Amino acid sequence: GMRVQLYPFQSAWRIRNFTKSRYKEIALPASYQTEFAYYLSKIALLGIGIEKTDEEMEYSAGLRLQLYPRFQIINSCLFESRQLAFGFRTQVKNYRIDYGVKFHSYLNPSHSMTVNYQF
């Protein structure tokens, strides 16, 4: 992927599974994502996105708010699949921690957490 930022705009492009890998007998789809974002203010970022797979397109919108210098809350909505997601990002020294929960229309909520070390 790649991200370009020229304040107050930023954009990102991502390709996932471009080799069209398989898991056992299941063909995993390739995914192409484009995101555009605009800083409404120094603490609020509004974004829209499009994700295309072999069979469908999914549109999304999200908002990221910086509540404190090292703490942000994030929410997003996937329109076609009617999924909502909420999470936060925090930074402690060189570590960044991201947590999110996605609410599906027919599955239990799914949780995601990443820890990044920046050097």
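As for the overall build of the chain
The helix and strand inventory of the chain stands at zero helices and eleven strands. Seen in sequence order, the chain has helices and strands lined up from the N terminus as β-β-β-β-β-β-β-β-β-β-β. Overall size of the chain, expressed as C-alpha extent along the three principal axes, is 45 × 35 × 25 Å. Looking at the chain residue by residue over its 119 residues, the buried ones come to 21%. Long-range contacts, defined here as pairs at least 24 residues apart, represent 12% of the contacts in the chain between residues at least 6 apart. Averaged over its 15 positive side-chain charges, the chain has a centre that lies 12 Å from the centre of its 9 negative ones.

A closer look at the side chain of Ser11
Within the secondary structure, Ser11 sits in strand S2 (residues 9-16). According to the relative accessible area criterion, Ser11 is buried, its value standing at 9%. Among the polar contacts listed, one links the side chain of Ser11 to the backbone oxygen of Glu35, at a separation of 3.0 Å. Every residue in contact with Ser11, bar those within four places of it in the chain, is listed here: Met2, Arg3, Val4, Glu35 and Phe36.

What about a nonpolar patch on the surface?
Judged by side-chain polarity, Met2, Val4, Trp13, Phe36 and Ile48 come together as a nonpolar surface patch covering roughly 500 Å² of accessible area. Its location among the elements puts Ile48 in strand S6 (residues 44-52). Residue classification places Ile48 among the exposed positions, given a relative accessible area of 54%.

A few points about the pattern of salt bridges
For the structure on display, the rule yields three salt bridges. Ionic pairing is found between Glu35 and Arg14, a salt bridge with its closest N-O pair at 3.3 Å. Placement of the pair is Glu35 in strand S5 (residues 31-39) and Arg14 in strand S2, with a sequence separation of 21 residues. Residue Glu35 is classed as partly exposed on the basis of its relative accessible area of 33%. Several salt bridges converge on common partners, so that one network encompasses Arg89, Arg96 and Asp98.

Focus: the sheet that holds S5
Through backbone hydrogen bonds, the strands of a sheet pair up, either in parallel or in antiparallel fashion. Sheet architecture is open: nine strands sit in the order S1-S2-S5-S6-S7-S8-S9-S10-S11, paired in antiparallel fashion. Looking at which strands have only one partner, the edges of the open sheet turn out to be strand S1 (2-6) and strand S11 (110-117). Taking each pair of neighbouring strands and ignoring which way they run, the sheet shows an average axis angle of 15°. Pairing geometry for S1 and S2, over five bridges, is antiparallel. Paired with Gln5 across the bridge in S2 is Gln10.

Observations regarding the packing of aromatic side chains
The tally for this structure, following the rule as stated, stands at seven aromatic pairs. Taken together through their ring pairs, the aromatic side chains of Phe71, Phe88 and Tyr99 make up a single cluster.

Basis of the calculations
- Residues numbered from 1 in each chain as written.
- Predicted model: local features only at pLDDT ≥ 70, side-chain atom pairs only at ≥ 80, totals over all residues.
- Heavy atoms only, no water.
- Helix = DSSP H or I, 4+ residues; strand = E, 2+ residues; numbered from the N terminus.
- Buried < 20%, exposed > 50% of the residue type's maximum accessible area, 1.4 Å probe, protein only.
- Contact = heavy atoms within 4.5 Å.
- Lys, Arg positive; Asp, Glu negative; His and termini not counted.
- Charge placed at Lys NZ, Arg CZ, Asp CG, Glu CD.
- Polar contact = N/O pair within 3.5 Å; in protein donor to acceptor, adjacent residues only side chain to side chain.
- Patch = residues over 30% accessible without salt bridge, like charges linked within 9 Å, V, L, I, M, F, W, Y side chains within 5 Å.
- Areas by Shrake-Rupley, 256 points an atom, 1.4 Å probe, with all protein chains shown as cover.
- Salt bridge = Lys/Arg side-chain N within 4 Å of Asp/Glu carboxyl O.
- Pairing = 2+ DSSP bridges.
- Axes fitted to C-alpha atoms, helices over the stretch in contact; angles between N-to-C directions.
- Phe/Tyr/Trp six-rings, centres within 6.5 Å; stacked < 30°, edge-to-face > 60°.

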